[in-house]
Amino acid sequence: MARKGHRPSTGVGNRPRFWGRHAVTAALANDSRTVRKLWGTREALAGLDLPPTLSVTFAEVTDLGRLVPADAPHQGLVAEVDPLDEMWLADLLHAGRDDTRPLIVLDQVTDPHNVGAILRSAAAFDALGIVTQDRHAPPESGTVARAASGALETVPWVRVVNLARALEEIAEAGFWRVGLTGHAEQTFAQVIGQQRIAIVLGAEGEGMRQNTETHCDQLARLPISDKVESLNVSNAAAIALYAVAAR
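Here's a quick rundown of the structure. (Residues numbered from 1 in each chain as written. Predicted model: local features only at pLDDT ≥ 70, side-chain atom pairs only at ≥ 80, totals over all residues. Heavy atoms only, no water.)

Quick word on the sheet that holds strand β10 (residues 218–220)
In space, the six strands of this open sheet follow the order β7-β6-β5-β9-β8-β10, with parallel pairing throughout. Strands with a single pairing partner mark the edges of an open sheet, and in this sheet they are β7 (157–160) and β10. When the angles between neighbouring strand axes are averaged without regard to direction, this sheet yields 25°. Against the sheet, helix α7 (residues 163–172) makes contact with β5 (103–107), β6 (129–133), β7, β8 (176–180) and β9 (197–202), and its axis sits at roughly 165° relative to β5, the strand it touches most. (Pairing = 2+ DSSP bridges. Helix = DSSP H or I, 4+ residues; strand = E, 2+ residues; numbered from the N terminus. Axes fitted to C-alpha atoms, helices over the stretch in contact; angles between N-to-C directions. Contact = heavy atoms within 4.5 Å.)

See the structure below:
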């Protein structure tokens, strides 16, 4: 297939370390993921079906704690992995050409906990994938993998250089681009209809940039109480994904 629009970014220079049972076992189960090293307690490693070529080191809990950030809940397992191969936006759109799965587009959402939580919600509601900017999004990391609870291995994640051009390509593929913002007049439920939806969400606190808003077909809001100013971006993504699934 001819590649259109965006060249994938180069991978991160260092191999990330994942920790926690869900993140590590999901990485081991992913045929597209190369796990280079595995450290674990004898209890945590017991029962795992490990490839014979994998470098495995038995370690004490205190030793594992030195391999990951302070207080990281490693649950007795730490893995060093290669980043996943980058995916083309055109390939992702082609994969979803015959279905109505929603797409998540993130505009400068940089918090790895939020991106991980959004990946988890995307997996739960069978989203086609997520699209982020190349430079203004977190790299694959233990924090993202932990928050995603295995979804980093199953939900396609496309990084693009220019988000505006990516949104144009998404529209050409037949998606109705709905940007979530608190200043919109209509609610999300009022605008989604039965069409293919790309849910566009902005950065924590700042929201979508103006240029991103202009590349949306419609702006909408979630009908939250005036007792709070806004929702966390990962919560907003989960609610919007549910609304699409339940329509």
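More follows now that the structure is in view.
Side note on the pattern of salt bridges
In the structure shown here, the tally under the stated rule is 11 salt bridges. The residue R101 makes a salt bridge to D99 at a minimum N-O spacing of 2.8 Å. Sharing partners across several salt bridges, the network here consists of R15, R17, R36, E80 and D82. (Salt bridge = Lys/Arg side-chain N within 4 Å of Asp/Glu carboxyl O.)

A look at the pairing of β5
When you tally the buried positions in β5, you get five out of five residues, the bulk of the element. Because side chains alternate across β5, one face comprises the buried residues L103, V105 and D107, and the other comprises I104 and L106, equally buried. Where β5 meets β6, four bridges bridge the pair, whose relative direction is parallel. Within the sheet, the bridge partner assigned to V105 lies in β6 and is V131. Taking the sense of rotation as the criterion, the β-α-β connection linking β5, helix α5 (residues 112–124) and β6 turns out right-handed. When β5 meets β9, the two strands line up parallel, connected through five bridges. Bridge pairing links V105 to V200 in β9. (Buried < 20%, exposed > 50% of the residue type's maximum accessible area, 1.4 Å probe, protein only. Right-handed = clockwise from strand over helix to strand, strands pointing away.)

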